[in-house]
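# Breakdown of the fold
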Amino acid sequence: MAKIKKVFECKKCGHTQNVWAGQCPECKSWGSLIEKVVTKERISHEDFSDDIKSVKLNEIVLNKNDRIKSTYEEFDRVVGGGLVCDSVSILTARPGAGKSTLLLQLSKSYAQEGKKVLYISGEESESQIKSRAKRIIEDIPENIWILSTNSMNKAISEVKRTNADIIFIDSIQTMQLKEFDSKAASPTQTIECTQACVELAKDINKKRSFIIVGHMTKSGEMAGLRTLEHLVDTVLFLEGEPEEDLRMLTSSKNRFGRTGEIGLFSMQEEGLIEIKNPGEYFITQREKPVEGSSLCVIKEGSRILEVEIESLVSKSFQNYPQRIGDSLRKDELNTLISILQERCGLNLYDKDVIIKTTGGIKISNSDADLSIMMSIASSLLKKTLSSKICFIAEVGLTGELKKVRQINNRLSEIERLGYKRCYVAKKSTDEKYKTLEVLQMESIKDVLKNENFI
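Calculation notes
- Residues numbered from 1 in each chain as written.
- Predicted model: local features only at pLDDT ≥ 70, side-chain atom pairs only at ≥ 80, totals over all residues.
- Heavy atoms only, no water.
- Helix = DSSP H or I, 4+ residues; strand = E, 2+ residues; numbered from the N terminus.
- Buried < 20%, exposed > 50% of the residue type's maximum accessible area, 1.4 Å probe, protein only.
- Contact = heavy atoms within 4.5 Å.
- Areas by Shrake-Rupley, 256 points an atom, 1.4 Å probe, with all protein chains shown as cover.
- Arc of directions from axis to C-beta.
- Pairing = 2+ DSSP bridges.
- Axes fitted to C-alpha atoms, helices over the stretch in contact; angles between N-to-C directions.
- Parallel < 35°, antiparallel > 145°, perpendicular 65-115°, else oblique.
- Nonpolar A, V, L, I, M, F, W, Y, C, P; charged D, E, K, R; others polar.
- Patch = residues over 30% accessible without salt bridge, like charges linked within 9 Å, V, L, I, M, F, W, Y side chains within 5 Å.
- Salt bridge = Lys/Arg side-chain N within 4 Å of Asp/Glu carboxyl O.
- Lys, Arg positive; Asp, Glu negative; His and termini not counted.
- Charge placed at Lys NZ, Arg CZ, Asp CG, Glu CD.
- Polar contact = N/O pair within 3.5 Å; in protein donor to acceptor, adjacent residues only side chain to side chain.
- Core = buried A, V, L, I, M, F, W, Y, C linked by side-chain atoms within 4.5 Å.
- Phe/Tyr/Trp six-rings, centres within 6.5 Å; stacked < 30°, edge-to-face > 60°.
- Disulfide = S-S within 2.5 Å.

## Quick word on the overall build of the chain
- When helices and strands are tallied, the chain shows eleven helices and 23 strands.
- Counting the 454 residues in the chain, one finds 50% classified as buried.
- Taking as baseline every contact in the chain between residues at least 6 positions apart, the subset at least 24 positions apart corresponds to 65%.
- As displayed, the chain offers around 23200 Å² of accessible surface, 47% of which is attributable to carbon and sulfur atoms.

Structural data, given as C-alpha cells:
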C-alpha cells in the first residue's frame, strides 16, 4: 500500500530532507527549501520471490558444495563446517572485542578462494577500513569491495551490481531503509533491514551468504527485539575480557550445525590468531606441582579441552569471607565450598576463596566440579596434586560423584595427552586403558582420602 509523506526539497539542487531549514545543507542556498508531497511504496516481498513455487521434500537435492569454507578452522567449526550459501548469520560482541577484525580476516580468506566479498560499513569510512586492513592483511585480494554507507537501499543496489557471494554488514543497527520513517537502530529499521538481507540471501536466482554485526547491550545480550534472532540462521557471540588475549566464538543458534560449539582465538597486534593447541594455552607449564592447582577436561560443543583450575584460600579478616570466581558464578562456587565443609569436614567458613582458570576460559557446566573442589582443598591443606592427575565428575549436594557425558571420549583424549591417573564417578566406564589408570570413586571424600588429603 502506498504511503503519503511530506518532505522539503531544495528548488536549486534537488536535495530533500524531512525537516525545513532556512539554508540548504547541500548547496548552501537560503530560502530554497519548499514543501513537497511524495508517495512511496513499501517494500514488497514479492519482488524477490515471483518465481518461487513449492516442491516436494523428497525431490529436493542437497548440494555438498553449499558450504563455503574459510582458512580458519576455528570459525568453520562454530558455524557447522563452513558458511551455508543462502544463509544469514549475526555476530555480536562488546565494543573492541574484534568483530570488525574477524570480518576483515574472513574477507581475505573467502576472496582468496575466488569468492566476491562486499564489506558494507555504516560505522567506518573506506579509508579507516583500508588503514586497519593494511595492518592485519598482508596482500589484499582484488575481489574485496568496500562500501561505506548507512543506506540499506544503496547496499542492496551494490550487492546486485557487484554480484557478491558473501556480504558483511557492520553493523545492522546503523542501516536505514528510506521506505520507513523511523531512524536507524529503531526496532522497525533493524528488523526490516535484516529481512531485506534474508530475502537477498535466499534469492533463487543467486544464493548469497550474509554476516551482519549486531550491537551488544551492557548485560551481554544482543541488542534489539528477539525477532532479530528468529530471522537469522546463525547467532554468533565473540566473547573475551578487555585485559585478556583470549577470544571465544560461540554459537547460541545454528540451523545448519551444532549449537554450543566454540572457536578459540588470541587477539594480537596482527589480528585474531587461531588457538589450534588449547592445552598449551590453558595449562601452565611447570617443572614441579604447586598448591592450589588441579586439572580437568571439559567438553565444549564437539571439542575436548584441557583446563587448569587455580585456587587461593586464605584467612579472612572480614565479617563475610570473599568468594571470587572469574570463571563461574558466585552461587556455584559457594555451593561447592559448602559441600567441602559439610561432607568432608574442611573448615572454610572463615576463609577467603578465590579461583580462576588459566587462560580465562569460562566454565559453563558442572563437569569441572570435582577439579574445582580438589583445587580448593589443595590450597587449604597446603598439599600439591601431580600434573599427571585429572579430575572429571559432577559433585552432588550429598558429596557423591556423578557421571558426565561422553566420558570414554574424554578418557581416550586424556590417555593420548599423557596423563597417568583420572578420577571419575563410580560406574562411569567399563573400558580398559593401556597407560591411564581410571579411579572410579563414590564421593568427593573418597577422592580426598585416596590422595591423602584427609
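That was the structure; now back to the text.
## A few points about helix α3 (residues 126-136)
- The complete set of buried residues in α3 reads Ile-129, Arg-132, Ala-133 and Ile-136. Considered in projection along α3, the buried side chains sweep an arc of 105 degrees and stay on one side of the axis. Set apart from the buried face of α3 by more than 90 degrees, the exposed residues are Ser-127 and Lys-134.
- Buried residues in α3 make contact with α2 (99-112), β7 (117-121), β8 (144-148) and β14 (271-274).

## With respect to the sheet that holds strand β17 (residues 323-325)
- Strand order in the open sheet formed by four strands is β15-β16-β18-β17, and the pairing between neighbours is mixed. Each edge of the sheet is formed by a strand with only one pairing partner; in this case those strands are β15 (293-300) and β17. With direction set aside, neighbouring strand axes in the sheet form an average angle of 20 degrees.
- Taken together, the seven bridges between strand β16 (residues 303-315) and strand β18 (residues 351-357) define a ladder with antiparallel strand orientation.

## Examining the packing of helix α4 (residues 152-162) against helix α5 (residues 187-201)
- With their axes 11 Å apart at the nearest point, α4 and α5 run at an angle of 10 degrees to one another. One element, α4, and the other, α5, form an angle in the roughly parallel class. Across the interface between the two elements, Met-152, Ile-156 and Lys-160 from α4 touch Cys-193, Ala-196, Cys-197 and Leu-200 from α5.
- The class makeup of the residues in the contact of α4 with α5 is six nonpolar, no polar and one charged.

## Things to note about a negative patch on the surface
- A surface patch of negative charge is lined by Glu-241, Glu-243, Glu-244, Asp-245 and Asp-326.
- Accessibility expressed as a relative area gives 39% for Asp-326, which makes it partly exposed.

## Quick notes on α4
- Of all the residues in α4, the buried ones are Met-152, Asn-153, Ala-155, Ile-156, Glu-158, Val-159 and Thr-162.
- As for α4, its buried residues are in contact with β7, β8, β9 (166-170) and α5.
- Capping of α4 at its N-terminal end is provided by Ser-151; its side-chain oxygen lies 3.4 Å from the backbone amide nitrogen of Asn-153.
- In the segment just after α4, Asn-163 is the residue with positive phi, at about 55 degrees.

## Regarding the nonpolar core
- Among the nonpolar cores identified, the biggest contains 47 residues, and Leu-370, Ile-376 and Ile-444 are the most heavily contacted of them.
- Broken down by element, the residue count for this core peaks at seven residues, all from helix α9 (residues 369-381).
- Once residues lying within four places of it in the same chain are set aside, the contact partners of Ile-444 are Leu-340, Cys-344, Leu-370, Met-373, Met-374, Val-395, Gly-399 and Leu-401.
- With 33 residues, the next largest nonpolar core counts Leu-104, Tyr-110, Val-117 and Leu-236 among its residues.

## What about the sheet that holds strand β19 (residues 389-391)?
- What the three strands build is an open sheet, ordered β19-β22-β23; its pairing is parallel. Looking at which strands have only one partner, the edges of the open sheet turn out to be β19 and β23 (437-441). The sheet shows a mean angle of 25 degrees between the axes of neighbouring strands, taken without regard to direction.
- Across three bridges, β19 lies against strand β22 (residues 421-425) in parallel orientation. Each residue of the ladder has a partner; that of Ile-389, found in β22, is Arg-421.
- Most of the contacts of helix α10 (residues 407-416) go to β22, to which it runs at about 170 degrees, and overall it touches β19, β22 and β23.

## Section: the pattern of salt bridges
- According to the stated counting rule, one finds 20 salt bridges in the structure shown.
- One salt bridge connects Glu-124 with Arg-132, and the closest N-O pair in it is separated by 2.4 Å.
- For Arg-132, a relative accessible area of 12% puts it in the buried group.
- The residue Lys-315 makes a salt bridge to Asp-350 at a minimum N-O spacing of 3.0 Å. Here Lys-315, found in strand β16, pairs with Asp-350, found in the loop between α8 (330-344) and β18; they are 35 residues apart in sequence, far enough to count as distant.
- Each of Glu-74, Arg-77 and Arg-303 takes part in salt bridges that share partners, so that together they form one network.

## Comments concerning the packing of aromatic side chains
- Applying the stated rule across the entire model yields three aromatic pairs.
- On the basis of an interplanar angle of 80 degrees and a centroid distance of 5.3 Å, the ring pair of Tyr-281 and Phe-282 is categorised as edge-to-face.
- Its relative accessible area of 0% is what places Phe-282 among the buried residues.
- Relative to Tyr-423, the ring of Phe-391 has its centre 5.3 Å away and its plane inclined at 5 degrees; by these criteria the two rings are stacked. Separated by 32 residues along the polypeptide, Phe-391 in strand β19 and Tyr-423 in strand β22 bring together distant segments of the chain.
- Note on Phe-391: relative accessible area 0%, which makes it buried.

## Things to note about the state of the cysteines
- Evaluation of the coordinates by the stated rule reveals zero disulfides.
- Lacking any disulfide linkage, Cys-344 is separated from the closest cysteine sulfur, that of Cys-296, by 18 Å.
- Residue Cys-344 is classed as buried on the basis of its relative accessible area, which comes to 9%.
- With no disulfide of its own, Cys-422 lies closest to Cys-390 among cysteine sulfurs, the gap being 4.8 Å.

All we've got here are geometric facts, nothing functional implied.
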